[in-house]
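The residues making up each chain are set out below.
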Amino acid sequence: MEVKELMNPSVVTIEPTASAALAARLISRHNVGALPVCGADRRLRGMVTDRDIVLRCLGRDIMTRGCTAVSPRDDCREATRLMSVQQVRRLPVVEDGRLVGIVSLADLARSQRFDMEAAQALGEISENIIRF
């Protein structure tokens, strides 16, 4: 199964110049845990998570740069592997340098074909969070 079969193509994004306050409002309003940061050209510049806002809000730059992304044609197992390695629950889906969707650990778990991989990735992510 490819990522494009599970990803959400309706992604709420934020511009790099937006404030942390706006990011927090969008995360709350749309009930999401992360916002891809894109310019008007939809090119992915980074990600802002609810955790980024809490931990980095005293600084000026809250987005995570150089974030890992997947292609819509990537296998879903690769997406779960990347989530585990990168310790993230959401991956932007990028095609030709432009954001086309987002896939979450929950999307993978709901597919039932990858629920074991998703559970393993979540366990590894949670284990590392607890250590900090």
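Our subject is the structure that appears above.
Definitions and limits used
Numbering of residues starts from 1 in each chain and follows the order in which that chain's sequence is written. With pLDDT at 70 or above as the cut-off, local features in this predicted model cover only qualifying residues; side-chain atom pairs require 80 or more to be listed or tallied, and sums for whole chains, interfaces and linings still use all residues. Only heavy atoms go into the side-chain values, all of them from the structure, while hydrogens and water stay out. A run of H or I in DSSP becomes a helix once it reaches four residues, and a run of E becomes a strand once it reaches two; helices and strands are each numbered from the N terminus. Relative accessibility thresholds used throughout: buried, under 20% of the residue-type maximum; exposed, over 50%; partly exposed, between the two (1.4 Å probe, protein chains only). By definition in these notes, contact holds between two residues if any of their heavy atoms fall within 4.5 Å. Accessible surface is estimated by sampling points in the Shrake-Rupley manner with a 1.4 Å probe; for residues, cover comes only from the protein chains shown. In these notes, a set of buried Ala, Val, Leu, Ile, Met, Phe, Trp, Tyr and Cys residues joined through side-chain atoms within 4.5 Å is what counts as a nonpolar core. A pair of strands is treated as paired once DSSP finds two or more bridges between them. In protein, a polar contact means a hydrogen-donor-capable atom and an acceptor-capable atom, both N or O and within 3.5 Å, with residues adjacent in sequence counting only if both atoms are side-chain atoms; elsewhere, any N or O pair within 3.5 Å suffices. Within this document, salt bridges are pairs made up of a side-chain nitrogen of Lys or Arg and a carboxyl oxygen of Asp or Glu, the two lying within 4 Å of each other.

Re the overall build of the chain
Inference 1: Assigned secondary structure in the chain consists of five helices and five strands.
Inference 2: Burial status across the chain gives 38% buried among its 132 residues.
Inference 3: Considering only intrachain contacts with a sequence separation of at least 6, the fraction spanning at least 24 residues in the chain is 47%.
Inference 4: Carbon and sulfur atoms provide 50% of the accessible area of the chain, an area that totals close to 7,700 Å².

Re the nonpolar core
Inference 1: Val3, Val70, Leu91, Val103 and Leu108 are the most contacted members of the largest nonpolar core, which totals 13 residues.
Inference 2: Elements with a contribution of two residues or more to this core: helix 3 (76-86), strand 4 (90-95) and helix 4 (105-110).
Inference 3: Broken down by element, this core gets its largest block of residues, four residues, from helix 3.
Inference 4: Core analysis: the second largest hydrophobic core is formed by 10 residues, Leu26, Ile27, Val37 and Ile53 among them.

Brief notes about the pairing of strand 1 (residues 34-38)
Inference 1: Counting buried residues in strand 1 gives five out of five residues, a clear majority hidden from the surface.
Inference 2: Residues Ala34, Pro36 and Cys38 line one face of strand 1 and the alternating positions Leu35 and Val37 line the opposite face, and both faces are buried.
Inference 3: For strand 1 and strand 2 (residues 44-49), the ladder comprises five bridges, and the chain directions are antiparallel. Residue pairing in the sheet places Pro36 in a bridge with Met47 of strand 2.

Some remarks on helix 3
Inference 1: Residues Cys76, Ala79, Thr80, Leu82, Met83 and Ser84 constitute the buried set of helix 3.
Inference 2: Capping the start of helix 3, Asp75 holds a side-chain oxygen 2.8 Å from the backbone nitrogen of Arg77, two or three residues further along.

Focus: the environment of Val93
Inference 1: Within the secondary structure, Val93 sits in strand 4.
Inference 2: For Val93, a relative accessible area of 0% translates into the label buried.
Inference 3: Spatially, the C-alpha atom of Val93 lies 9.8 Å from that of Ala79, the residues being 14 residues apart in sequence.
Inference 4: Setting aside residues up to four positions removed in sequence, Val93 forms contacts with Val3, Met7, Val70, Ser71, Pro72, Arg98, Leu99, Val100, Gly101, Ile102 and Val103.

Some thoughts on the pattern of salt bridges
Opposite charge on two side chains lets them pair, provided their charged atoms get close.
Inference 1: Applying the stated criterion across every chain yields a total of six salt bridges.
Inference 2: Between Glu2 and Lys4 there is a salt bridge whose closest N-O contact spans 3.4 Å.
Inference 3: For Lys4, a relative accessible area of 47% gives the class partly exposed.
Inference 4: Residues Arg81 and Glu78 are paired through a salt bridge, measuring 2.9 Å at the closest nitrogen-oxygen approach. Of this pair, Arg81 and Glu78 both sit in helix 3, three residues apart, which is roughly one turn of that helix.

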